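Take a look at the letters that make up each chain.
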Amino acid sequence: MSDAMSGHCPAEPPAVGHRVTYLLGERCSGARQLCRQGVVAGPSVLDPATNRTWVPVQADGRARDADPEWVRSEMIIDVVPAT
């Protein structure tokens, strides 16, 4: 889905509760995965040292009380607004 279709502007990180699909920056243990899905768990954070925006994502299949993964906003390839 394109950014225009998803309602997500690359300059604007997704909001809390939005479902996202994102590329993995590193190989995870076990089977090789190219992407993962989850829900945005909190507000995005800009790292002024690198000028990168990080988005906390609760990955699908993880325990609800697990810490979210911090995903670089440019690695997010699809956004579906919360319903």
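Residues numbered from 1 in each chain as written. Predicted model: local features only at pLDDT ≥ 70, side-chain atom pairs only at ≥ 80, totals over all residues. Heavy atoms only, no water.

Caption draft 1: Here's a closer look at the overall build of the chain. Of the regular secondary structure elements, the chain holds one helix and six strands. Beginning at the N terminus, the succession of helices and strands in the chain can be written as α-β-β-β-β-β-β. Expressed as a percentage of the 83 residues in the chain, the buried residues total 29%. Pairs at least 24 residues apart make up 39% of the contacts formed inside the chain by residues separated by at least 6 positions. As displayed, the chain has an accessible area near 5,700 Å², and 54% of this comes from carbon and sulfur atoms. (Helix = DSSP H or I, 4+ residues; strand = E, 2+ residues; numbered from the N terminus. Buried < 20%, exposed > 50% of the residue type's maximum accessible area, 1.4 Å probe, protein only. Contact = heavy atoms within 4.5 Å. Areas by Shrake-Rupley, 256 points an atom, 1.4 Å probe, with all protein chains shown as cover.)

Caption draft 2: Inspection of the pattern of salt bridges at higher detail. Counted according to the given criterion, the structure contains five salt bridges. A salt bridge links Arg62 to Glu69; the nearest nitrogen and oxygen atoms lie 3.9 Å apart. Each of Arg36, Arg62 and Glu69 takes part in a single network of salt bridges with overlapping partners. (Salt bridge = Lys/Arg side-chain N within 4 Å of Asp/Glu carboxyl O.)

Caption draft 3: Representation of the nonpolar core in the model. If you look at the biggest cluster of nonpolar residues, it comprises 11 residues: Val20, Tyr22, Leu24, Val40, Val55, Val57, Ala59, Val71, Met75, Ile76 and Val79. Beyond its immediate chain neighbours, meaning those up to four positions away, Met75 contacts Thr21, Tyr22, Leu23, Leu24 and Gly25. (Core = buried A, V, L, I, M, F, W, Y, C linked by side-chain atoms within 4.5 Å.)

Caption draft 4: Geometry of the environment of Tyr22. The topology assignment puts Tyr22 in strand β1 (residues 19-23). What makes Tyr22 buried here is its relative accessible area of 1%. A sequence separation of 55 residues divides Tyr22 from Ile77, and the C-alpha atoms of the two residues are 5.4 Å apart. In contact with Tyr22, not counting residues within four places along its chain, are Leu34, Cys35, Arg36, Gln37, Gly38, Val57, Ala59, Glu69, Val71, Met75, Ile76 and Ile77. Side chain to side chain, Tyr22 and Glu69 meet in a polar contact 3.3 Å long. (Polar contact = N/O pair within 3.5 Å; in protein donor to acceptor, adjacent residues only side chain to side chain.)

Caption draft 5: Up close: unusual backbone geometry. Of note in this structure, Asn51 is not a glycine but carries a positive phi near 60 degrees. Positionally, Asn51 belongs in the loop between β3 (45-47) and β4 (52-59).

Caption draft 6: Looking closely at the confidence of the model for the chain. Summarising the model, the chain shows a mean pLDDT of 84, and 78% of its residues fall at 70 or more. Below pLDDT 50 for its whole length, residues 1-9 participates in 12 contacts with residues either more than four positions away or in separate chains. (pLDDT = per-residue confidence, 0-100.)

Caption draft 7: Broad picture of the side chain of Thr21. Checked against the element boundaries, Thr21 lands in strand β1. Of the polar contacts made by the side chain of Thr21, one reaches the side chain of Gln37; its length is 3.1 Å. What Thr21 contacts, discounting residues up to four positions off in sequence, is Cys35, Arg36, Gln37, Met75, Ile76, Ile77 and Asp78.

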